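Topology and contacts: notes
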Amino acid sequence: MDCKAAGNRLLRVGVPATVEYGSATSKDKEANDQKYVFEAVQTYITTLNGLELDMRDVDQLHPNLSNLMASLNKVKKLSEDHLAKVKVKEWLVKLNEKPASYRLTDDELRQMTFELQTAYDNWYRTI
């Protein structure tokens with residue numbers, strides 16, 4: 001069996017399709033969007049605070065980014081090509097290409113912080 005998309009998600013992105021693209025269940029469609037916006041803001045702040053506290057190991061950063069991607073996907077009015085989703089996904093891919101013990105350099109940490117903060121500011125204006 002050849003499952004290229006599943007292989008890509010598993011090996012490159014590192015999260016299931018429901019996290020990468022969001023869930024299409026009726027429960028998600030009917031859920032209160034304000035709850036999901038709150039959850040996404042909370043997760044974004046947690047992720048950005050971790051970066052400010054010098055969390056730079058892949059195994060420390062990946063869970064927060066994965067949770068952030070899942071939270072953003074629950075917000076119905078956020079398009080798939082929104083900067084927030086794009087940047088989080090890009091960083092998930094970058095982290096998945098590194099071993100768990102890899103520690104981001106100062107430049108990588110600075111770039112990640114800048115890109116995620118810019119994406120957050122853009123997303124916050126959207127909501």
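Check the entry above for the structure.
Residues numbered from 1 in each chain as written. Predicted model: local features only at pLDDT ≥ 70, side-chain atom pairs only at ≥ 80, totals over all residues. Heavy atoms only, no water.

**Looking at the overall build of the protein**
Check the secondary structure of the protein and you find seven helices and zero strands. The secondary structure elements of the protein, listed N-terminal to C-terminal, are α-α-α-α-α-α-α. Entry remark: accessible area of the protein is about 7,500 Å², with carbon and sulfur atoms responsible for 53%. (Helix = DSSP H or I, 4+ residues; strand = E, 2+ residues; numbered from the N terminus. Areas by Shrake-Rupley, 256 points an atom, 1.4 Å probe, with all protein chains shown as cover.)

**Some remarks on the pattern of salt bridges**
Two side chains bearing opposite charge may form a pair once their charged atoms approach each other closely. Tallied over the full model, the rule gives seven salt bridges. Across the pair lysine 74 and glutamate 39 runs a salt bridge whose closest N-O atoms are separated by 3.2 Å. Of this pair, lysine 74 sits in helix α5 (residues 58-74) while glutamate 39 sits in helix α4 (residues 33-52), and the two are 35 residues apart along the sequence. On the basis of relative accessible area, lysine 74 is assigned to the partly exposed category, the value being 29%. For glutamate 39, a relative accessible area of 21% puts it in the partly exposed group. The salt bridge partner of arginine 56 is aspartate 54, with a shortest N-O separation of 2.7 Å. A relative accessible area of 9% places arginine 56 in the buried class. Looking at aspartate 54, the relative accessible area reads 36%, which means it is partly exposed. In this structure, a network of salt bridges that share partners links the residues Asp54, Arg56 and Asp106. (Salt bridge = Lys/Arg side-chain N within 4 Å of Asp/Glu carboxyl O. Buried < 20%, exposed > 50% of the residue type's maximum accessible area, 1.4 Å probe, protein only.)

**With respect to the nonpolar core**
Counting residues in each nonpolar core, the largest one holds 30 residues, and the members touching the most others are Tyr44, Leu65, Leu72, Val88, Met112, Leu116 and Trp123. Those elements that place two or more of their residues in this core are α4, α5, α6 (83-96) and α7 (106-126). Among the elements that make up this core, the one with the highest residue count is α4 (seven residues). Every residue in contact with leucine 65, bar those within four places of it in the chain, is listed here: Thr47, Val88, Trp91, Leu92, Leu95, Met112 and Leu116. (Core = buried A, V, L, I, M, F, W, Y, C linked by side-chain atoms within 4.5 Å. Contact = heavy atoms within 4.5 Å.)

**Topic: the packing of aromatic side chains**
Within this structure, the stated rule accounts for four aromatic pairs. Considering the side-chain rings of tyrosine 120 and tyrosine 124, the 5.9 Å spacing of their centres and the 35° angle between planes classify their relative orientation as tilted. Taken as a pair, tyrosine 120 and tyrosine 124 lie in helix α7 at a separation of four residues, close to a single helical turn. (Phe/Tyr/Trp six-rings, centres within 6.5 Å; stacked < 30°, edge-to-face > 60°.)

**Brief notes about the environment of alanine 84**
The residue alanine 84 is located in helix α6 in this model. Remark: the alpha-carbon pair of alanine 84 and glutamine 117, spanning 33 residues in sequence, is separated by 9.2 Å. Setting aside anything within four residues of it in sequence, one finds alanine 84 in contact with Tyr44, Leu72, Ala119 and Trp123.

**So, the packing of α5 against α6**
Contact pair α5 / α6: the axes reach a minimum separation of 10 Å and the direction vectors enclose 150°. With respect to α6, the element α5 is oriented roughly antiparallel. As α5 packs across α6, the resulting crossing turns out to be left-handed. Residues Val58, Leu61, His62, Leu65, Ser66, Leu68, Met69, Leu72 and Asn73 of α5 form the contact with α6, whose participating residues are Ala84, Lys85, Val88, Lys89, Trp91, Leu92, Leu95 and Asn96. Taken together, the residues of the contact of α5 with α6 sort by class into eleven nonpolar, four polar and two charged. (Axes fitted to C-alpha atoms, helices over the stretch in contact; angles between N-to-C directions. Parallel < 35°, antiparallel > 145°, perpendicular 65-115°, else oblique. Left-handed = near helix turned anticlockwise from the far one by under 90°. Nonpolar A, V, L, I, M, F, W, Y, C, P; charged D, E, K, R; others polar.)

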